[in-house]
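Chain by chain, the residues run as shown.
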Amino acid sequence: MSRLMGLYAQHLSAGVAPPAVDEETLARQVEQAANVLARADAVVCGIGSGMSTACGYDHYGRSAVFDGRFAKFERVHGFSSLMDGLYHLYASNEERWGFLAAYSAHLEAAPVGRAYRQLARLLEGKEYFVLTTNIDGQVRRAFPGENVWLFQGDFGFLQCGQPCCDELVPALPVARAMLDAMGDGIAAPSDLLPRCPHCGWLRAPWVRDHGFLEGDAWRDGKRRYERFVSDALASGGRVVFLELGVGGMTPSIIEIPFWEMTRTNSNAFYLRVNMGKASEPRQLEGRSLTVTGDIADVFDMLTHQREKKEQDA
Ligand SMILES: [Zn+2]
């Protein structure tokens, strides 16, 4: 572990926000990235919150969506972003679930974002796996379930709050029933609060928290991910670790393992797209690239490059 943290510490000391790159540099980086992806035999994607932000889904700041659909919650509770609403200390379970129901229905109604659809298209015909820390359901809906590990869970499911059992149920029907009953109100009716049928405790969104359920579904995702990565690396083919929009909150899930697996496998390449990052650890030199740009723009350019390659072929 100390070696991993060493890599990370060295990276942190490299400086904070990188300068914006000029168009020419960005185009060169994207061309390199397109070549790396074209040659890849397997792609391991790690997706963080920046990917959903690039699709216009902002859970962390005040947004037009928040002002439109969630203003009634702000008037009563005072918070001004969806994440603040998620972690707000409500006076009652009915008020808490009033917001959770609205948030849950909002996430499920949001179309799969353009960057996710573009990525799915870019990965077509390749062996790939997607690991994500996002809980907004975008990865779940954009890619086949067998290619995905939802590390932090997914807001689209509910678990027992304790948890006493290994049960996940879809959140949307529960949310819809509460919203129908609430009308313009902000609190869910007591008799509609979701309860575990086995122990009677309130259910909770299946997202990382104390009591997060790492049950069959989660462990199955972990097994499939680990098998995919070890098979890909052992095959001797070219493996690209593609990191997209990963912030600084949880480096131990995607960023550091991707660095470490690239460092220790000569057939691996670390490719990152991130607006706020510019450099990689020097141990990866020659087998790493950061494209410093907005994911949506970069995917537009990559898609264009791919189409050009297909026409030339
Ligand atoms: Zn229970």
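Residues numbered from 1 in each chain as written. Predicted model: local features only at pLDDT ≥ 70, side-chain atom pairs only at ≥ 80, totals over all residues. Heavy atoms only, no water.

**Student:** When you look at the coordination of the zinc ion in this model, what are you seeing that I'm missing?
**Tutor:** Between any two of four tetrahedral donors, the ideal angle at the metal is 109.5 degrees; between two of six octahedral donors, it is 90 or 180 degrees. Distances from the zinc ion to its protein donors, Cys-160 (SG), Cys-164 (SG), Cys-196 (SG) and Cys-199 (SG), fall at 2.3 Å. Of note is the zinc ion, whose four donor atoms meet at the metal with angles of 102 to 120° in an arrangement that counts as tetrahedral. Positions of the donor residues of the zinc ion along the chain correspond to the pattern C-x3-C-x31-C-x2-C. A residue pair is termed long-range when its members are at least 10 positions apart, and Cys-160 in strand S4 (residues 153-160) and Cys-196 in the loop between helix H10 (172-182) and strand S6 (203-207) qualify at 36 residues. Grouping residues by exposure puts Cys-160 and Cys-196 together as buried. (Donors = N, O, S within 2.8 Å, 3.2 Å for Na, K, Ca; no water. Tetrahedral: all angles 85-135°; square planar, octahedral: opposite > 155°, others 65-115°. Helix = DSSP H or I, 4+ residues; strand = E, 2+ residues; numbered from the N terminus. Buried < 20%, exposed > 50% of the residue type's maximum accessible area, 1.4 Å probe, protein only.)

**Student:** I tried to follow the packing of aromatic side chains on my own but got confused; where do I start?
**Tutor:** Given two aromatic rings, their pairing is described by the distance between the two centres and the angle made by the two planes. The tally for this structure, following the rule as stated, stands at 21 aromatic pairs. An aromatic cluster is present here, built from Phe-66, Phe-70, Phe-73, Phe-79, Tyr-90, Phe-99, Tyr-103 and Phe-155 joined pairwise through their rings. (Phe/Tyr/Trp six-rings, centres within 6.5 Å; stacked < 30°, edge-to-face > 60°.)

**Student:** So what exactly am I meant to see when it comes to the nonpolar core here?
**Tutor:** Side chains that are nonpolar tend, in soluble globular proteins, to be buried together. Formed by 65 residues in total, the largest nonpolar core has its most connected members in Leu-119, Phe-241 and Leu-271. Excluding residues that lie within four positions of it along the chain, Phe-241 makes contacts with Val-44, Val-229, Leu-233, Phe-258, Met-261, Thr-262, Ala-268, Phe-269, Tyr-270 and Leu-271. With 28 residues, the next largest nonpolar core counts Phe-66, Met-83, Leu-86 and Phe-99 among its residues. (Core = buried A, V, L, I, M, F, W, Y, C linked by side-chain atoms within 4.5 Å. Contact = heavy atoms within 4.5 Å.)

**Student:** I would appreciate a short explanation of a positive patch on the surface in the present structure.
**Tutor:** Taken together, Arg-39, Arg-238, Lys-308 and Lys-309 make up a surface patch of like positive charges. Tracing the backbone shows Arg-238 in the loop between helix H11 (216-234) and strand S7 (239-244). A residue is classified by how much of its surface remains accessible, and Arg-238, at 48% relative accessible area, is partly exposed. (Patch = residues over 30% accessible without salt bridge, like charges linked within 9 Å, V, L, I, M, F, W, Y side chains within 5 Å. Areas by Shrake-Rupley, 256 points an atom, 1.4 Å probe, with all protein chains shown as cover. Salt bridge = Lys/Arg side-chain N within 4 Å of Asp/Glu carboxyl O. Lys, Arg positive; Asp, Glu negative; His and termini not counted. Charge placed at Lys NZ, Arg CZ, Asp CG, Glu CD.)

**Student:** What is the right way to read the sheet that holds S6 from this model?
**Tutor:** Note: strands within a sheet are paired through backbone hydrogen bonds, in either parallel or antiparallel orientation. Read from one edge to the other, the open sheet built from three strands follows the order S5-S4-S6, with strand pairing classed as antiparallel. At either margin of the open sheet sits one strand with a lone partner, and together these are strand S5 (169-170) and S6. Alignment of S4 against S6, held across five bridges, turns out to be antiparallel. Opposite Gly-153, over in S6, you have Val-207 as the bridge partner. (Pairing = 2+ DSSP bridges.)

**Student:** Can you help me understand the side chain of Ser-288 in this one?
**Tutor:** Tracing the sequence through the fold places Ser-288 in strand S9 (residues 288-291). According to the relative accessible area criterion, Ser-288 is buried, its value standing at 14%. Of the polar contacts made by the side chain of Ser-288, one reaches the backbone oxygen of Leu-284; its length is 3.4 Å. Residues within four places of Ser-288 in sequence aside, it is in contact with Phe-269, Tyr-270 and Glu-280. (Polar contact = N/O pair within 3.5 Å; in protein donor to acceptor, adjacent residues only side chain to side chain.)

**Student:** Teacher, can you tell me more about unusual backbone geometry here?
**Tutor:** Trans peptide bonds make up most of the peptide bonds, and negative phi angles are found at most residues other than glycine. Omega for the peptide link from Gln-162 to Pro-163 comes to -5°, which places this bond in the cis form. Of note, Pro-163 is situated in the loop between S4 and S5.

**Student:** Explain the sheet that holds strand S3 (residues 148-150) here, please?
**Tutor:** A sheet is described by the order of its strands in space; here six strands give the open sequence S3-S2-S1-S7-S8-S9, paired in parallel fashion. Each edge of the open sheet carries a strand with a single partner, namely S3 and S9. Neighbour to neighbour, the strand axes of the sheet diverge by 15° on average, direction disregarded. In terms of strand pairing, S7 meets strand S8 (residues 268-273) through six bridges, oriented parallel. (Axes fitted to C-alpha atoms, helices over the stretch in contact; angles between N-to-C directions.)

**Student:** What exactly am I supposed to notice about the packing of helix H7 (residues 93-109) against H10 here?
**Tutor:** If you want to describe how two helices pack, look at the angle between their axes and the distance between the axes. Remark: H7 packs on H10, axes separated minimally by 9 Å, with the N-to-C direction vectors making an angle of 120°. In terms of orientation, H7 lies oblique with respect to H10. Of the two elements, H7 crosses H10, and the hand of that crossing is left-handed. Note on element contacts: H10 touches H7 through Leu-172, Ala-175, Met-178, Leu-179 and Met-182, opposite Trp-97, Gly-98, Ala-101, Ala-102, Ser-104, Ala-105 and Glu-108. Residue composition of the contact of H7 with H10, by class: nine nonpolar, two polar and one charged. (Parallel < 35°, antiparallel > 145°, perpendicular 65-115°, else oblique. Left-handed = near helix turned anticlockwise from the far one by under 90°. Nonpolar A, V, L, I, M, F, W, Y, C, P; charged D, E, K, R; others polar.)

**Student:** Any chance you could explain the pairing of strand S1 (residues 42-47) here in plain terms?
**Tutor:** Regular strands place side chains that alternate from one sheet face to the opposite one. Here S1 lies mainly inside the structure; six of its six residues are buried. Residues Ala-42, Val-44 and Gly-46 of S1 are buried on one face, and the alternating residues Val-43, Cys-45 and Ile-47, pointing to the opposite face, are buried as well. Where S1 meets strand S2 (residues 127-132), six bridges bridge the pair, whose relative direction is parallel. When the bridges of S2 are listed, Ile-47 appears paired with Thr-132. Two strands pair when backbone bridges link them, and S1 and S7 are joined in this way by six bridges, in the parallel orientation. In the strand pairing of S7, Gly-46 is matched with Glu-243.

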